[in-house]
Amino acid sequence: MAEPLRIAYSPCPNDTFVFHAWAHGLLPGAEAPEVTFADIDVTNGLAERGELDVLKVSYAALPWVLDEYALLPCGGALGRGCGPLVLTRPGADAGASPITAGADLTGKTVAVPSERSTAYLLFRLWATEAVPGGLGEVVVLPFDEIMPAVRDGRVDAGLVIHEARFTYQDYGLAKLADMGEVWEARTGLPIPLGAIIARRSLGAARLRELAAAVRGSVEAAWADPAASREYVLAHAQEMDPAVADQHIGLYVNEFTADLGPEGYAAVRGLLDRAAEQGLVPAVAPDALAFP
């Protein structure tokens, strides 16, 4: 008996919404995969070690994994108005000036959710111009610990993703900059966040079957949004259902069904700009092509 296909994606609402139908064997002719839930920093590491067959990773991790994995043209997260935010505490600590502009981050400590993430690449590209004096220490924290760390003064600023866009004011924090707004103003392209990759050794025919299953799962989720509701909320880490809906609305869109020319241009643009700054290895011209 053949081993089941192994897939890893996050417990975030956009992923559970997208993969619900496939994961539950609801797609005719598509075998349900064996699912592992893991945050993006973990799945990036799994991909770099060549573990599992299909994974949701950050687009920023692609330069390290494209030799072994192919980028699927569907299932991922790109969008507009959904970029990472740089957050700070309003006001100032005793003896310190408030952080109200990028230059104020000179020498400051910033918490980020990963150094192999689109959020981090967008942040570093922004900081190259906005913080000419250079950042201080960059520390990696789980994304759900970043806002408390900023609020409590353990770091000077934090780079946040996902539902933090909707909840940061609950922590008494202020938005210093929106990385997505900067990216979109500069390029006119959507923001490439999470990618779906599959092991190249599965072969071109199998990869096309997997892409069809992913696309079918997306279409099934749109056709009957209520079907995935219990699955989404069970894995949403006590997230308010309204926030989960906002999350899905932002990150599941036309690019999830098909990257298309604009989606591929966004991915290529991000990786090329990051490579020019020495943040990632250069990606070969044909490395993003789907078999």
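Okay, so let's go over this structure. The shown structure was predicted, so the numbers you read here are calculated from the model rather than taken from an experiment. (Residues numbered from 1 in each chain as written. Predicted model: local features only at pLDDT ≥ 70, side-chain atom pairs only at ≥ 80, totals over all residues. Heavy atoms only, no water.)

## Quick word on the overall build of the protein
So, step 1. Scanning the protein from N- to C-terminus turns up 12 helices and 11 strands.
So, step 2. Since a compact globule built from 291 residues should have a radius of gyration of about 19 Å, the 19 Å found for the protein is in line with a globular shape.
So, step 3. Referenced to the eigenvectors of the C-alpha coordinate spread, the extents of the protein come out at roughly 65 × 40 × 30 Å.
So, step 4. Counting only residues that meet the buried cut, the protein has 54% of its 291 residues in that class. (Helix = DSSP H or I, 4+ residues; strand = E, 2+ residues; numbered from the N terminus. Rg over C-alpha atoms; globule rule 2.2 N^0.38 Å. Buried < 20%, exposed > 50% of the residue type's maximum accessible area, 1.4 Å probe, protein only.)

## Comments concerning the packing of aromatic side chains
So, step 1. What the rule picks out here adds up to 5 aromatic pairs.
So, step 2. Their ring planes at 55° and their centres at 6.2 Å tell us that Phe-37 and Tyr-231 sit as a pair that is tilted. A residue pair is termed long-range when its members are at least 10 positions apart, and Phe-37 in strand E2 (residues 34-37) and Tyr-231 in helix H9 (residues 229-234) qualify at 194 residues.
So, step 3. Judged by relative accessible area, Tyr-231 falls into the buried class, the value being 12%.
So, step 4. Linked through ring pairs, Tyr-9, Phe-19, Trp-22, Phe-37 and Tyr-231 together constitute an aromatic cluster.
So, step 5. Between Arg-116 and the ring centre of Trp-64, over which it is positioned, the NZ or CZ distance is 3.6 Å. (Phe/Tyr/Trp six-rings, centres within 6.5 Å; stacked < 30°, edge-to-face > 60°. Lys NZ or Arg CZ within 6 Å of the ring centre and 35° of its normal.)

## Describing the side chain of Ser-117
So, step 1. Structurally, the position occupied by Ser-117 is in the loop between strand E7 (110-112) and helix H4 (118-130).
So, step 2. With relative accessibility at 7%, the residue Ser-117 sits in the buried group.
So, step 3. Polar side-chain contacts of Ser-117 include one of 3.2 Å to the backbone oxygen of Ser-114.
So, step 4. Every residue in contact with Ser-117, bar those within four places of it in the chain, is listed here: Ser-58 and Ala-60. (Polar contact = N/O pair within 3.5 Å; in protein donor to acceptor, adjacent residues only side chain to side chain. Contact = heavy atoms within 4.5 Å.)

## Quick notes on the pairing of strand E6 (residues 85-88)
So, step 1. Of the two faces of E6, the one holding Leu-85 and Leu-87 and the one holding Val-86 and Thr-88 are both buried throughout.
So, step 2. Where E6 lies against strand E9 (residues 157-160), 4 bridges are found, and the strand directions are antiparallel. The partner of Leu-87 across the bridge, within E9, is Gly-158. (Pairing = 2+ DSSP bridges.)

## What about the pattern of salt bridges?
So, step 1. Under the definition given, this model contains 14 salt bridges.
So, step 2. Ionic pairing is found between Glu-262 and Arg-80, a salt bridge with its closest N-O pair at 2.6 Å. Taken together, the positions of Glu-262 in helix H12 (residues 260-276) and Arg-80 in the loop between strand E5 (77-79) and E6 put the pair 182 residues apart, joining distant regions of the chain.
So, step 3. Accessibility expressed as a relative area gives 34% for Glu-262, which makes it partly exposed.
So, step 4. Arg-206 serves as the salt-bridge partner of Glu-209, at 3.2 Å between the closest nitrogen and oxygen. With a gap of 3 residues between them, Glu-209 and Arg-206 both fall in helix H8 (residues 204-223), about one helical turn apart.
So, step 5. Taken together, the shared-partner salt bridges in this structure form one network comprising Arg-6, Asp-53, Glu-68 and Arg-199. (Salt bridge = Lys/Arg side-chain N within 4 Å of Asp/Glu carboxyl O.)

These figures capture arrangement, not role.
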